[in-house]
Protein chains: 2
Amino acid sequence: MKTNKISSAVVRRLPKYFRHLSTIENSGMEKISSQQLSEQTGFTASQIRQDLNHFGGFGQQGYGYKVGDLKKSITNIIGLDKAYKVAIVGFGHIGQAIYNYKGFDCKEFDVVKVFDVAEKAGEIAGVKVDPIKKFKDYIKKHPIDILVLAVPVDAAQEICDIIEDGQVKGIWNFAPTDVVVKAAIPVENVHLSESLYSLIYYMGNYDQY
Amino acid sequence: MKTNKISSAVVRRLPKYFRHLSTIENSGMEKISSQQLSEQTGFTASQIRQDLNHFGGFGQQGYGYKVGDLKKSITNIIGLDKAYKVAIVGFGHIGQAIYNYKGFDCKEFDVVKVFDVAEKAGEIAGVKVDPIKKFKDYIKKHPIDILVLAVPVDAAQEICDIIEDGQVKGIWNFAPTDVVVKAAIPVENVHLSESLYSLIYYMGNYDQY
């Protein structure tokens, strides 16, 4: 199925296709043309067809896409059909927001452990929290899938330096700094302020919006 | 300076240029070539030159860019040289995270009012919070710049329906749903899960990363 390297722009659009297809499926619609999908997503029909062709197509000339099938395919392509074991490091507002969020669409987003520097008597906000100094030992013995990094800038790289091959499969980093890891794993650096700055740009340039 | 419509892809890259230039400036570097900027940002040198040309250039053949000047220009282009009056609606984990975050680079990110359904005796976590039912009247009398929308999905559109022309200049929406407004203002819908799903994709396809 997969032939060449998929560009990161395509990978960034997959979650958007997933989200729109979920909405479309919930509305009861069973099939959709790339033209309709274009109106829904804001991408051009030809871009959508091109994107989906990377993974084998799915559409039928003159018919369009079966919404349920296409959503299921994209679920599998992304990897949302699988369960993930998660550790959260840093249990401030962002850590707690992720912990409490129930809307992730993967099979399981299973937070197995939470660490923080400020845990008092082993808990924060009613949640069992381990002291951050135990993270290194824990991760050696208990490999996890996703590390949610929600610590201040200063601490973020320090935590990443601890991680060895095979201990973590991916890092979702909310510290406003690009962290690097020696292990061969993907890191997703979330920069919340970037979306604020795009908004601010459009507030001053609404004609461009 | 501005000639044609700037594509949203360029607008999305501006905050990234700003972020990298801040890092470069902090490192004490005074000038930078588009080639070096390319290594830093991951965009191609020609893309960087093209992007910056939309706003008038700034570079000098064979010299590169003056880091401080370029950062200042991008600050002004985005609108980070201005102060913004902010209201936060929804004071759960995300609302509190935004309230407490001190790293926004605009001249001021001044939270003048916070609203929530669950305020008890006028405060949450030590912060003065007004009942959400007062939002409509408040916004009529006190126009703000940025509305941070951090309420659950069900409430998000309802809040947006209240907003009339001239009351709010832009909406930064963290509710995991695309909201629409009748007023002619930009809306930035943040979908945190999208970055998680890109991460999950790369966890299963590290060869593509």
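Calculation criteria
Residues numbered from 1 in each chain as written. Chains lettered and ligands numbered in written order. Predicted model: local features only at pLDDT ≥ 70, side-chain atom pairs only at ≥ 80, totals over all residues. Heavy atoms only, no water. pLDDT = per-residue confidence, 0-100. Helix = DSSP H or I, 4+ residues; strand = E, 2+ residues; numbered from the N terminus. Buried < 20%, exposed > 50% of the residue type's maximum accessible area, 1.4 Å probe, protein only. Phe/Tyr/Trp six-rings, centres within 6.5 Å; stacked < 30°, edge-to-face > 60°. Lys NZ or Arg CZ within 6 Å of the ring centre and 35° of its normal. Expected span 1.5 Å × (residues − 1). Contact = heavy atoms within 4.5 Å. Axes fitted to C-alpha atoms, helices over the stretch in contact; angles between N-to-C directions. Parallel < 35°, antiparallel > 145°, perpendicular 65-115°, else oblique. Left-handed = near helix turned anticlockwise from the far one by under 90°.

Concerning the confidence of the model for chain A
Step number 1: Confidence along chain A averages 92 in pLDDT terms, with 97% of residues attaining 70 or more.
Step number 2: ipTM for the predicted complex: 0.94, alongside a pTM of 0.90.

Observations regarding unusual backbone geometry
Residues and elements named next belong to chain B.
Step number 1: Phi at alanine 121 is positive, roughly 55 degrees, even though this residue is not glycine.
Step number 2: On the secondary structure map, alanine 121 appears in the loop between β4 (108-116) and β5 (123-124).
Step number 3: Even without being glycine, alanine 125 reaches a positive phi, approximately 50 degrees.
Step number 4: Structurally, alanine 125 is set in the loop between β5 and β6 (127-128).
Step number 5: For alanine 125, a relative accessible area of 62% puts it in the exposed group.

Concerning the packing of aromatic side chains
Step number 1: In total, this model carries 26 aromatic pairs over all chains according to the counting rule given.
Step number 2: Geometrically, the ring pair formed by Phe104(B) and Phe109(B) is tilted, given 4.5 Å between the ring centres and 45 degrees between the ring planes. Per residue, the accessibility class of Phe104(B) equals that of Phe109(B), and both read buried.
Step number 3: In this structure, Arg13(A) is placed above the aromatic ring of Phe43(A), and the distance from its NZ or CZ to the ring centre is 5.8 Å.

As for helix α8 (residues 192-204) of chain A
An α-helical segment advances 3.6 residues per turn. Residues three or four places apart therefore align on the same side.
Step number 1: Between its first and last C-alpha, α8(A) extends 19 Å over 13 residues, near the 18 Å set by a 1.5 Å rise per residue.
Step number 2: Within α8(A), burial applies to Leu192(A), Ser193(A), Glu194(A), Ser195(A), Leu196(A), Tyr197(A), Ser198(A), Leu199(A), Ile200(A), Tyr201(A), Tyr202(A) and Met203(A).

A few points about the environment of Gly68(B)
Residue and element names in this part refer to chain B.
Step number 1: By secondary structure assignment, the location of glycine 68 is in helix α4 (residues 67-78).
Step number 2: In this structure glycine 68 comes out as partly exposed when scored by relative accessible area, which is 31%.
Step number 3: In this structure, the C-alpha to C-alpha distance between glycine 68 and methionine 29, residues 39 residues apart in sequence, is 9.0 Å.
Step number 4: Setting aside anything within four residues of it in sequence, one finds glycine 68 in contact with Glu25 and Glu30.

Structural notes on the packing of α8(A) against helix α1 (residues 8-26) of chain B
Step number 1: Direction vectors running N to C along α8(A) and α1(B) enclose 125 degrees, while the axes themselves pass 9 Å from each other. In this view, α8(A) runs oblique relative to α1(B), as classed from their interaxial angle. Judged by the twist between their axes, the crossing of α8(A) over α1(B) is right-handed. In contact with Glu194(A), Tyr197(A), Ser198(A), Tyr201(A) and Tyr202(A) of α8(A), α1(B) contributes Ser8(B), Val11(B), Arg12(B), Leu14(B), Pro15(B), Lys16(B), Phe18(B) and Arg19(B).

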